[in-house]
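Below are the chains, spelled out letter by letter.
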Amino acid sequence: VQVVESGGGLVQPGGSLRLSCVVSGFTFSDYDMSWYRQVPGKERELVASITNTGGNTKYQDSVKGRFTIARDNAKNTVYLQMNSLKLEDTAAYYCHALRIWPWGSGEQDYWGQGTQVTVSA
């Protein structure tokens, strides 16, 4: 199994970045996908999520209207388009895949290694 993020970097406030997460080794279309972020000394927090079919998305309030999560099941890839970036968006961003089996029979998840996003003037 591989979950590989890319697209992070240094950007000025107000700028944009697009993160990508490419997966292999499992059936991507069976998994809900999410982006989390974490800064040193704080807990990892959910930024955005998308269901396995792409039919539903959710966002953390602080990124609503600025970030967009999308997926391409044909390419085993999930994206996070980040616009109007703010200093407080600086963090390591992680891709997460989650599949929950029905009737509480269990779940499987995978994490990527993260990609750093730094917003600085």
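Residues numbered from 1 in each chain as written. Predicted model: local features only at pLDDT ≥ 70, side-chain atom pairs only at ≥ 80, totals over all residues. Heavy atoms only, no water.

Notes on the pattern of salt bridges
Logical step 1: Tallied over the entire structure, the rule returns 5 salt bridges.
Logical step 2: With a shortest N-O distance of 3.5 Å, Arg99 and Asp30 are connected by a salt bridge. Taken together, the residues Arg99 in strand β9 (residues 91–100) and Asp30 in the loop between β3 (17–24) and β4 (32–38) connect sequence positions 69 residues apart.
Logical step 3: The class for Asp30 is partly exposed, based on a relative accessible area of 31%. (Salt bridge = Lys/Arg side-chain N within 4 Å of Asp/Glu carboxyl O. Helix = DSSP H or I, 4+ residues; strand = E, 2+ residues; numbered from the N terminus. Buried < 20%, exposed > 50% of the residue type's maximum accessible area, 1.4 Å probe, protein only.)

Digging into the state of the cysteines
Cysteine pairs can be linked by a disulfide, which is a covalent bond between their two sulfur atoms.
Logical step 1: Overall, the coordinates contain 1 disulfide when judged by the stated rule.
Logical step 2: Linked covalently through their sulfurs, Cys21 and Cys95 form a disulfide whose S-S length is 2.1 Å. Between Cys21 and Cys95, the S-S dihedral sits near -85°, and the bridge is therefore left-handed. Pair noted here: Cys21 is in strand β3 and Cys95 is in strand β9, with a separation of 74 residues, a long-range link.
Logical step 3: Assessed through its relative accessible area of 0%, Cys21 is described here as buried.
Logical step 4: Judged by its relative accessible area of 0%, Cys95 is buried. (Disulfide = S-S within 2.5 Å.)

Considering the packing of aromatic side chains
Logical step 1: Across all of its chains, the model carries 4 aromatic pairs by this definition.
Logical step 2: A ring pair is formed by Phe26 and Tyr110, whose centres lie 4.7 Å apart and whose planes are at 20°; its orientation type is stacked. Note that Phe26 is positioned in the loop between β3 and β4 and Tyr110 in strand β10 (residues 107–111), a separation of 84 residues in sequence. Each of the two residues, Phe26 as well as Tyr110, counts as buried.
Logical step 3: Taken together through their ring pairs, the aromatic side chains of Phe26, Tyr31 and Tyr110 make up a single cluster.
Logical step 4: Over the ring of Tyr94 we find Arg44; its NZ or CZ atom is 3.7 Å from the centre of that ring.
Logical step 5: Stacked on the ring of Trp111, the Lys or Arg Arg44 has its end atom at 4.7 Å from the ring centre. (Phe/Tyr/Trp six-rings, centres within 6.5 Å; stacked < 30°, edge-to-face > 60°. Lys NZ or Arg CZ within 6 Å of the ring centre and 35° of its normal.)

Focus on the sheet that holds strand β7 (residues 67–72)
Each strand in a sheet pairs with its neighbour through backbone hydrogen bonds, running either in the same direction (parallel) or in the opposite one (antiparallel).
Logical step 1: With respect to topology, 4 strands assemble into an open sheet ordered β1-β3-β8-β7, the strand pairing being antiparallel. At either end of the open sheet lies a strand with only one pairing partner, and these are β1 (2–6) and β7. Averaged over all neighbouring strand pairs, the angle between strand axes comes to 15°, with direction disregarded.
Logical step 2: Alignment of β3 against strand β8 (residues 77–82), held across 6 bridges, turns out to be antiparallel. In the sheet register, Cys21 faces β8, and the bridge partner there is Val78. (Pairing = 2+ DSSP bridges. Axes fitted to C-alpha atoms, helices over the stretch in contact; angles between N-to-C directions.)

Some details on the nonpolar core
The tendency in soluble globular proteins is for nonpolar side chains to be buried as a group.
Logical step 1: In this structure, Met33, Trp35, Val78, Leu80, Met82 and Tyr93 are the most contacted members of the largest nonpolar core, which totals 28 residues.
Logical step 2: In contact with Met82, not counting residues within four places along its chain, are Gly15, Ser16, Leu17, Leu19, Arg66, Phe67, Tyr93 and Val117. (Core = buried A, V, L, I, M, F, W, Y, C linked by side-chain atoms within 4.5 Å. Contact = heavy atoms within 4.5 Å.)

Concerning the side chain of Ser49
Logical step 1: Relative to the helices and strands, Ser49 resides in strand β5 (residues 45–50).
Logical step 2: For Ser49, a relative accessible area of 15% puts it in the buried group.
Logical step 3: Once residues within four sequence positions are removed from consideration, Ser49 is found in contact with Met33, Ser34, Asn56, Thr57, Lys58 and Ile69.

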